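Single-letter residue listing:
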Amino acid sequence: MTRLDEAGSVRQGEALPLAQLETYLKAHLPADVQTGGALSVYQFPSGYSNLTYLLRLGDRELVLRRPPFGVEIASAHDMGREYRVLAGLARVYDRVPRPLLFCEDVAVIGAPFYVMERIQGVVLRAERMAELQLGAADMQRLAQATVDNLATIHSLDPAAAGLAELGRPAGYVARQINGWIRRYRAAQTDTWPELEEILTWLEGHMPPEAGAAIIHNDYKYDNLILDPNDMGHILAVLDWEMCTLGDPLLDLGTTLGYWTEPGDPAPLVGMFGLTTLPGNLSRQAVVERYAAVSGRTIADPLFYYVYGIFKIGVIIQQIYNRYRQGHSQDARFAQLWEVVQASGVAGAHALHRGRISANAA
């Protein structure tokens, strides 16, 4: 059995003030999760955006999310919004952790935060690929379940979830393209010719809107909690910080950007390489399965993949820029420029060959 996801020591410079936090939790947690005992805090090892901690309070385990240290990207790190999204989704979707409390008082830990239940399960992480004991049949089942679940998310009723006002679906495609280009310029540390090529291409090839749906915006294997006894069964989806109402095919594009294949640039495979394991679907097969399950027509998969890989490159550029400015001490960030460059290379290669899968004919 693949081992459960575990937290470890808190990284240097990212500690939480235990005394204030323990006092606040014991005063504000719902009655059914109250417990005695001292608070201990651990940190989940992965993730490059919002920080995620394991809290042990007596015999209860909880999860705390807070923004990264030294950021000012309010919309992408809005803890109150993320908490409200989880609370709304819990009404219509059984694969989200139960949100327990939100705190906007920065005096408690230095930033707004929220706490949710901990769901025990397996989280696949690329840095532990060598440890995974998943055969090709298991990976195929997981890949299919992952695509099917994305289609399920896109079928949820925003009004029933109380999330009808979550975003502005009209004009979503143009806003996303223009917005990610602006973010790239604001965080740019180097000149990447391939990224310049694909951002120009994206500006000139925007497709019509494909409707509106609840979209996750960061949907990939390591944001899923899996049943350790059935790795094709998704227990929960994590990291809803970028969830909004928007074009579901752009959400698919983000997933395609993360969906590396053998033959993709090594820095991308090193960071997101779980989908290169035997048994996984190709990117083209992901598109075909999503179309069959969702009933949506995907006229131009190339646009959505190139959008996804550009968006990922910009996200990594923002994180790398934060490191360069000294706002993070996390040693993992030092070589992220390689992932930024590789994102551009992968997108440009797709444009030049006119297809989304690296090895397809």
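Just so it is clear, the structure is predicted and the values come from calculations on it, not from any experiment.

Q: Run through helix 10 (residues 301-324), naming residues and quoting values.
A: Taking 1.5 Å of rise per residue, 24 residues should cover 34 Å, and helix 10 covers 34 Å from first to last C-alpha, within 8% of that figure. Within helix 10, 22 of the 24 residues are buried, which leaves it mostly tucked inside the rest of the structure. One or two residues past the end of helix 10 sits G326, with phi positive at roughly 85 degrees.

Q: Quick rundown of the pairing of strand 2 (residues 51-57)? Include the residues and the values.
A: Across the 7 residues that make up strand 2, a large majority, 6, are buried. Two elements, strand 1 (residues 39-43) and strand 2, share 5 bridges in a ladder whose sense is antiparallel. Across the sheet, V41 pairs through a bridge with L55, a residue of strand 2.

Q: Got a sec to walk through the packing of helix 5 (residues 172-187) against helix 6 (residues 193-204)? Specific residues and values, please.
A: Interaxial distance between helix 5 and helix 6 falls to 10 Å at its minimum, and their mutual angle equals 155 degrees. Taken as axis vectors, helix 5 and helix 6 run roughly antiparallel relative to one another. At the point where helix 5 passes helix 6, the crossing takes the left-handed sense. Mapping the contact onto sequence places I177, I181, Y184 and R185 in helix 5 and L195, E196, L199, L202 and E203 in helix 6. Classifying every residue of the contact of helix 5 with helix 6 gives 6 nonpolar, no polar and 3 charged.

Q: So what's going on with the sheet that holds strand 2? Residues and values would help.
A: Strand order in the open sheet formed by 5 strands is 1-2-3-5-4, with antiparallel pairing between adjacent strands. The open sheet terminates on both sides in strands that have one partner only, identified here as strand 1 and strand 4 (99-103). On average, adjacent strands in this sheet sit at an angle of 25 degrees to one another, irrespective of strand direction. Two strands pair when backbone bridges link them, and strand 3 (residues 60-66) and strand 5 (residues 113-117) are joined in this way by 4 bridges, in the antiparallel orientation. Bridging from a neighbouring strand, R65 pairs with Y114 of strand 5. The strands that helix 2 (residues 79-92) touches are strand 3, strand 4 and strand 5; relative to strand 4, the one it contacts most, it runs at about 160 degrees.

Q: Could you give me a rundown of the side chain of D227, with the residues and numbers involved?
A: Tracing the backbone shows D227 in strand 7 (residues 224-227). No salt bridge is formed by the buried D227; its nearest oppositely charged neighbour, R141, is found at 8.7 Å. What D227 contacts, discounting residues up to four positions off in sequence, is H233 and L235.

Q: Can you lay out helix 2 for me, pointing to particular residues and giving the numbers?
A: Spanning 14 residues, helix 2 covers 21 Å between terminal C-alpha atoms, matching the ideal 20 Å at 1.5 Å per step. The complete set of buried residues in helix 2 reads M79, G80, R81, E82, Y83, V85, L86, G88 and L89. Capping of helix 2 at its N-terminal end is provided by D78; its side-chain oxygen lies 3.1 Å from the backbone amide nitrogen of G80.

Q: If you had to explain the side chain of T255 to someone new, which residues and values would you point to?
A: For T255, the position within the fold is in helix 7 (residues 248-258). Among the polar contacts made by the side chain of T255, one reaches the main-chain carbonyl oxygen of Y219 at a distance of 2.9 Å. When neighbours within four sequence positions are excluded, T255 is seen to be in contact with L150 and Y219.

Q: Now, about the packing of aromatic side chains: what can you tell me, with residues and values included?
A: If you walk through the whole model with that rule in mind, you get 11 aromatic pairs. Measuring from ring centre to ring centre gives 6.5 Å for W192 and W337, while their planes differ by 5 degrees; the resulting arrangement is stacked. Linking W192 in the loop between helix 5 and helix 6 with W337 in helix 11 (residues 336-353), this pair joins segments that are 145 residues apart in sequence. Of the residues examined, W337 reaches a relative accessible area of 28% and is grouped as partly exposed. A network of ring pairs unites the aromatic residues Y83, F102 and Y114 as a single cluster. Positioned above the aromatic ring of Y42, the side-chain terminus of R56 is 4.8 Å from the ring centre. Note that K220 overlies the ring of Y258, its terminal NZ or CZ placed 5.0 Å from the centroid.

Q: Please set out the pattern of salt bridges residue by residue, giving values where relevant.
A: In a structure, side chains of opposite charge can pair up when their charged atoms sit close to one another. Under the definition given, this model contains 15 salt bridges. Salt-bridge contacts for E241 lead to R65; the nearest nitrogen and oxygen are separated by 2.8 Å. On the criterion of sequence distance, the pair formed by E241 in the loop between strand 8 (230-237) and strand 9 (244-246) and R65 in strand 3 is long-range, its members being 176 residues apart. Like R65, E241 is buried. As a salt-bridge pair, R141 and D230 come within 2.6 Å of each other at their nearest N and O atoms. Here D230 lies in strand 8 and R141 lies in helix 4 (residues 136-154), a separation of 89 residues in the sequence.

Q: Any chance you could break down the nonpolar core for me, citing the residues and the numbers?
A: Counting 95 residues, the largest nonpolar core has L124, I214, W240, F303, V306 and F310 as its most contacted members. Counting residues per element, this core draws most heavily on helix 10, at 14 residues. In contact with L124, other than residues within four places in its own chain, are L132, L134, L142, Y221, D222, L226, M231 and L274. Within the second largest apolar cluster, 21 residues are counted, among which are L16, V33, L39 and L64.

Rules behind the numbers
Residues numbered from 1 in each chain as written. Predicted model: local features only at pLDDT ≥ 70, side-chain atom pairs only at ≥ 80, totals over all residues. Heavy atoms only, no water. Helix = DSSP H or I, 4+ residues; strand = E, 2+ residues; numbered from the N terminus. Expected span 1.5 Å × (residues − 1). Buried < 20%, exposed > 50% of the residue type's maximum accessible area, 1.4 Å probe, protein only. Pairing = 2+ DSSP bridges. Axes fitted to C-alpha atoms, helices over the stretch in contact; angles between N-to-C directions. Parallel < 35°, antiparallel > 145°, perpendicular 65-115°, else oblique. Left-handed = near helix turned anticlockwise from the far one by under 90°. Contact = heavy atoms within 4.5 Å. Nonpolar A, V, L, I, M, F, W, Y, C, P; charged D, E, K, R; others polar. Lys, Arg positive; Asp, Glu negative; His and termini not counted. Salt bridge = Lys/Arg side-chain N within 4 Å of Asp/Glu carboxyl O. Polar contact = N/O pair within 3.5 Å; in protein donor to acceptor, adjacent residues only side chain to side chain. Phe/Tyr/Trp six-rings, centres within 6.5 Å; stacked < 30°, edge-to-face > 60°. Lys NZ or Arg CZ within 6 Å of the ring centre and 35° of its normal. Core = buried A, V, L, I, M, F, W, Y, C linked by side-chain atoms within 4.5 Å.

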